[in-house]
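In case you want the letters, here they are:
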Amino acid sequence: ETGVTQTPRHLVMGMTNKKSLKCEQHLGHNAMYWYKQSAKKPLELMFVYSLEERVENNSVPSRFSPECPNSSHLFLHLHTLQPEDSALYLCASSQGTPSPGKLFFGSGTQLSVL
Amino acid sequence: KQEVTQIPAALSVPEGENLVLNCSFTDSAIYNLQWFRQDPGKGLTSLLLIQSSQREQTSGRLNASLDKSSGRSTLYIAASQPGDSATYLCAVSGNTPLVFGKGTRLSVIA
């Protein structure tokens, strides 16, 4: 089992679809993160969950809705997305906030919105 | 607001060269700084983490230094290999969770 697993690896969706991204960590960490990576831009932090409570919400549009049912699982629910939302979405986990230890990343979901 | 800058944006070197990647940040009130490696279309792999009280960390052919007062870090790669080709990102954590630079895209030519 790899440390942080993301599914699906690739996703193509229309602007009216609803889909969910899933992340699972097997490292016993207490914090989980969603990042967005677009071409030629730095990684953008979207959400942080610490001990299953959302502690950071970086002015993300409401069409992105996170869910953290337990310390090992993190979801990102998507609805009525825009083409500019096409990007690589990365999940990460760490031990400790606000001063995290090493972050461990999943392989990401490459999202294309048509 | 913390800003992280990485120079150069891209670098191409012949195999065997030693090289230095640079990272600067605007707010010196940090907890730690991390260097990551990212292969195309993949997630990030943590290489080194330097706590704010430390000056450097080493792992194999990699050495990262931190000068918090001047807001700078360097990643030194010794005896570069084609397998080192990737994008290298630095990130700092402080009053806000990790803030990333845009990365340096490294190509090591055999």
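Structure first, text after, so check above.
The following paragraphs examine the structure supplied in this document.

**Observations concerning the overall build of chain B**
Okay, step 1: Looking only at helices and strands, chain B has zero helices and eleven strands in total.
Okay, step 2: Listed by position from the N terminus, the elements making up chain B come as β-β-β-β-β-β-β-β-β-β-β.
Okay, step 3: Relative to a compact globule of 110 residues, whose C-alpha radius of gyration would be 13 Å, chain B shows 13 Å and is just as compact.
Okay, step 4: In terms of overall dimensions, chain B has C-alpha extents of about 40 × 25 × 20 Å along its principal axes.
Okay, step 5: Sorting the 110 residues of chain B into buried and exposed places 46% on the buried side.
Okay, step 6: A total accessible area of about 5,200 Å² is found for chain B, and carbon and sulfur atoms account for 48% of it.

**Some points on the interface of chain A and chain B**
Okay, step 1: Taken together, the 21 residues of chain A in the interface contact 20 residues of chain B.
Okay, step 2: Applying the counting rule to chain A against chain B returns zero salt bridges.
Okay, step 3: Residue composition of the side of chain A that touches chain B, grouped by class: eleven nonpolar, five polar and five charged.

**Quick notes on the environment of Leu66(B)**
All names here are of chain B.
Okay, step 1: Counting through the fold element by element, Leu 66 comes out in strand 7 (residues 62–67).
Okay, step 2: Considering only alpha carbons, one finds Leu 66 and Gly 101, 35 residues apart in sequence, at a separation of 15 Å.
Okay, step 3: Excluding its chain neighbours within four sequence positions, the residues that come into contact with Leu 66 are Phe 25, Ile 30, Leu 33, Ile 50, Gln 51, Ser 52, Gln 54, Arg 55, Arg 72 and Ser 73.

**Quick notes on the pairing of strand 6 (residues 53–57) of chain A**
When a strand is regular, its side chains alternate between the sheet's two faces.
All names here are of chain A.
Okay, step 1: Pairing analysis gives four bridges linking strand 5 (residues 44–50) to strand 6, with the strands arranged antiparallel. In the sheet register, Ser 50 faces strand 6, and the bridge partner there is Glu 53.
Okay, step 2: Here strand 5 folds back onto strand 6, and the loop between the two strands holds two residues, one of which, Leu 51, carries a positive phi near 50°.

Rules and cut-offs
- Residues numbered from 1 in each chain as written.
- Chains lettered and ligands numbered in written order.
- Predicted model: local features only at pLDDT ≥ 70, side-chain atom pairs only at ≥ 80, totals over all residues.
- Heavy atoms only, no water.
- Helix = DSSP H or I, 4+ residues; strand = E, 2+ residues; numbered from the N terminus.
- Rg over C-alpha atoms; globule rule 2.2 N^0.38 Å.
- Buried < 20%, exposed > 50% of the residue type's maximum accessible area, 1.4 Å probe, protein only.
- Areas by Shrake-Rupley, 256 points an atom, 1.4 Å probe, with all protein chains shown as cover.
- Contact = heavy atoms within 4.5 Å.
- Salt bridge = Lys/Arg side-chain N within 4 Å of Asp/Glu carboxyl O.
- Nonpolar A, V, L, I, M, F, W, Y, C, P; charged D, E, K, R; others polar.
- Pairing = 2+ DSSP bridges.

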